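Spelled out from the first residue to the last, the chains are:
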Amino acid sequence: MERLTPVEQRAPGRWQIATVAAVKQETPRVKSFRLELPMWMAHLPGQHYDVRLTAPDGYRAQRSYSIASSPLDEGEIELTIDRLEDGEVSPYFHDVVVEGDQVEVRGPFASYFVWRGEAPALLIGGGSGVVPLMAILRHRRRVMPELAMRLVYSVRSAEDVIYADELGDDALLTFTRRPPEDWTGHTGRIDRALIAEADLDGGTAFICGSNPFVEAAADLALAAGFRPERVRTERFGPTG
Amino acid sequence: MSDFVSRAFRGRRRTPEELADRLPPGQYNESGFPVLTAGPTPRIEPDEWGFRIDGMVGQEREWTWDEFHRLPFETVPCDIHCVTKWSKLGTSFGGVSVDTLLEGVEPQGEYAMAFSYGGYTTNLSLADITGGKAWVVTEHEGDPLPREHGGPARLLVPHLYFWKSAKWAAGLRVMDHDEPGFWELNGYHNRGDPWKEERYWSD
């Protein structure tokens with residue numbers, strides 16, 4: 001009998017060794033890593049990958065990181081990682097990983113905090129909570145730029161803006177501590193006025209950030225008329 | 001097992017040896033109690049809270065907050081393990097054993113769907129929630145269970161990943177077949193045993 005041609009298994013979940021194709025310093029404590037994957041498969045914007053580090057004695061550490069890139073970037077994913085001082089995996093990425101390095105990953109995983117083309121869509125991100133929202137925004141710009149979508153993005157200071165060179169008319173920023181010197185837009189925590197300025201008529205809200213940020217933003221979305229089942233949240237655990 | 005080694009990785013958050021055997025594979029020790037919820041946090045006051053057992057049972061049961069607190073109350077010391085990789089060791093909850101709640105109910109199926117205020121569901125086999133393995137808890141470390149952690153009451157099934165310990169618990173529906181709940185439909189493992197690292201569908 002003729003042997004079948006072996007085909008690559010493409011199911012999510014298998015560990016694979018990715019190669020770091022590029023590293024970008026986004027802010028003083030945030031870097032983006034472009035990874036080339038031998039068993040790449042298309043993800044849904046909002047999904048995450050697991051990353052696993054292994055020491056020579058077999059000790060391992062695992063964390064989950066949201067994908068920042070559009071699934072149209074075939075063969076690669078971008079992970080944007082916030083450096084947590086007392087962490088284990090994020091300091092490794094920041095202090096050790098350079099272009100050409102290899103890292104073990106598996107994914108893409110989880111299919112609730114994902115964008116499947118829902119519109120209008122209000123994205124509310126706090127700090128590095130913007131990462132999975134950026135995957136959504138980037139994908140929408142490339143496939144359906146006409147869909148109503150706004151990003152409301154809360155950051156501390158001018159230097160903390162991730163993806164600064166990509167934020168256009170579809171993004172509304174607010175600075176909670178130190179805005180840029182010439183800033184005339186919003187300052188302070190996200191509030192009713194900022195949500196109203198996003199000017200979206202209902203739809204689905206995607207909210208990501210620390211737990212207190214998400215609690216406050218979810219309450220604002222509900223007050224603005226979003227139905228509870230249309231408010232999807234992703235809260236950071238400690239992902240050091 | 002892959003023999004891949006991460007260049008120049010030594011590991012800087014190693015768990016002390018006396019705790020290491022309490023950490024399932026891929027987990028790390030976290031002293032805080034992170035919050036993970038897929039949607040807005042429901043607000044349920046104790047006087048509007050109730051817990052029911054229905055579905056394929058000989059006798060449905062339902063308790064108000066006051067009735068629930070007349071049931072035998074247990075303190076449950078335990079370790080909890082979240083699928084997002086953190087574990088919290090040596091914590092405790094207070095509540096009523098599911099064994100107690102099932103007394104006189106006469107379940108006629110082997111499975112249950114836990115359901116919550118806010119619409120969350122998670123599936124469990126009866127074998128995983130009977131025999132002193134599961135509780136409905138209203139206290140954490142001696143204090144009322146905070147709302148963000150599922151207060152006024154959540155399920156506690158510490159031997160499975162913590163998404164099985166449904167927050168804002170409203171009841172258990174006994175079923176004669178297994179059916180995936182919320183996270184089980186969204187990519188996570190049907191059973192979720194942390195010691196077998198059953199995180200995702202493919203595990």
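Bear in mind the structure is a predicted one, so any value in this text is a computation, not a measurement. (Residues numbered from 1 in each chain as written. Chains lettered and ligands numbered in written order. Predicted model: local features only at pLDDT ≥ 70, side-chain atom pairs only at ≥ 80, totals over all residues.)

(A) Structural detail: the overall build of chain B. The helix and strand tally for chain B stands at 5 helices and 11 strands. Taken over the C-alpha trace, chain B has a radius of gyration of 18 Å; the compact-globule value for 203 residues is 17 Å, and the two agree within 12%. With the principal axes as the frame, chain B shows a C-alpha extent of 60 × 35 × 30 Å. Across the 203 residues that make up chain B, the buried fraction comes to 39%. Within chain B, contacts between residues separated by at least 24 positions form 65% of all contacts whose residues are at least 6 apart in sequence. (Helix = DSSP H or I, 4+ residues; strand = E, 2+ residues; numbered from the N terminus. Rg over C-alpha atoms; globule rule 2.2 N^0.38 Å. Buried ≥ 20, exposed ≤ 12 C-beta atoms within 10 Å, placed from the backbone. Contact = placed C-beta atoms within 7 Å.)

(B) Spatial organisation of helix α4 (residues 211-223) of chain A. All names here are of chain A. Taking 1.5 Å per residue as the helical rise, α4 with its 13 residues ought to reach 18 Å, and the 18 Å between its terminal C-alpha atoms agrees with that figure. Of all the residues in α4, the buried ones are F213, V214, E215, A217, A218, L220 and A221. Contact partners of the buried residues in α4: β7 (121-126), β8 (149-157), α3 (192-198), β11 (204-209) and β12 (231-235). Two residues or fewer after α4 comes G225, characterised by a positive phi angle close to 105 degrees. (Expected span 1.5 Å × (residues − 1).)

(C) Structural context of the interface of chain B and chain A. Listed per partner, the contact involves 35 residues of chain B and 36 residues of chain A. When the residues that make up the side of chain B that touches chain A are grouped by side-chain class, the tally is 13 nonpolar, 13 polar and 9 charged. (Nonpolar A, V, L, I, M, F, W, Y, C, P; charged D, E, K, R; others polar.)

(D) Quick look at the sheet that holds strand β1 (residues 16-27) of chain A. Residues and elements named next belong to chain A. Taken in spatial order, the 6 strands line up as β4-β3-β6-β1-β2-β5 in an open sheet, and their pairing is antiparallel. Every other strand in the sheet has two partners, leaving β4 (60-66) and β5 (76-82) as the edge strands with one partner each. Adjacent strand axes in the sheet meet at a mean angle of 40 degrees when their direction is disregarded. Of the pairings in the sheet, the one linking β1 to strand β2 (residues 30-36) comprises 7 bridges and is antiparallel in character. Across the sheet, the residue bridging to T27 is V30, located in β2. (Pairing = 2+ DSSP bridges. Axes fitted to C-alpha atoms, helices over the stretch in contact; angles between N-to-C directions.)

(E) Focus on the domain arrangement of chain A. Residues and elements named next belong to chain A. Assigned domains of chain A: these are domain 1 (16-109) and domain 2 (121-235). Each of domain 1 and domain 2 has a C-alpha centre, and these two points are 24 Å apart. Each partner contributes residues to the interface: domain 1 has 15 residues there, and domain 2 has 14 residues. Of all the elements in the fold, those that place two or more residues in the side of domain 1 that touches domain 2 are β1 and β5. Here the side of domain 1 that touches domain 2 is composed, by residue class, of 7 nonpolar, 6 polar and 2 charged. (Domains from an automatic or database assignment.)

(F) The pairing of β4(A), seen in detail. Residue and element names in this part refer to chain A. When you tally the buried positions in β4, you get 5 out of 7 residues, the bulk of the element. In the sheet, strand β3 (residues 48-54) pairs with β4 via 7 bridges, with the strands oriented antiparallel. Within β4, the position partnered with Y49 by the bridge is Y65.

(G) Structural detail: the nonpolar core. Residue and element names in this part refer to chain A. Counting 68 residues, the largest nonpolar core has L123, V152, F206, I207 and A221 as the members making the most contacts within it. With 7 residues, helix α2 (residues 130-143) is the single largest residue contributor to this core. Formed jointly, this core draws a minimum of three residues from each of two domains, domain 1 (16-109) and domain 2 (121-235). In this structure L123 touches L133, I136, L137, M149, R150, L151, V152 and F206, once residues within four positions along its chain are discounted. (Core = buried A, V, L, I, M, F, W, Y, C linked by C-beta atoms within 7 Å.)

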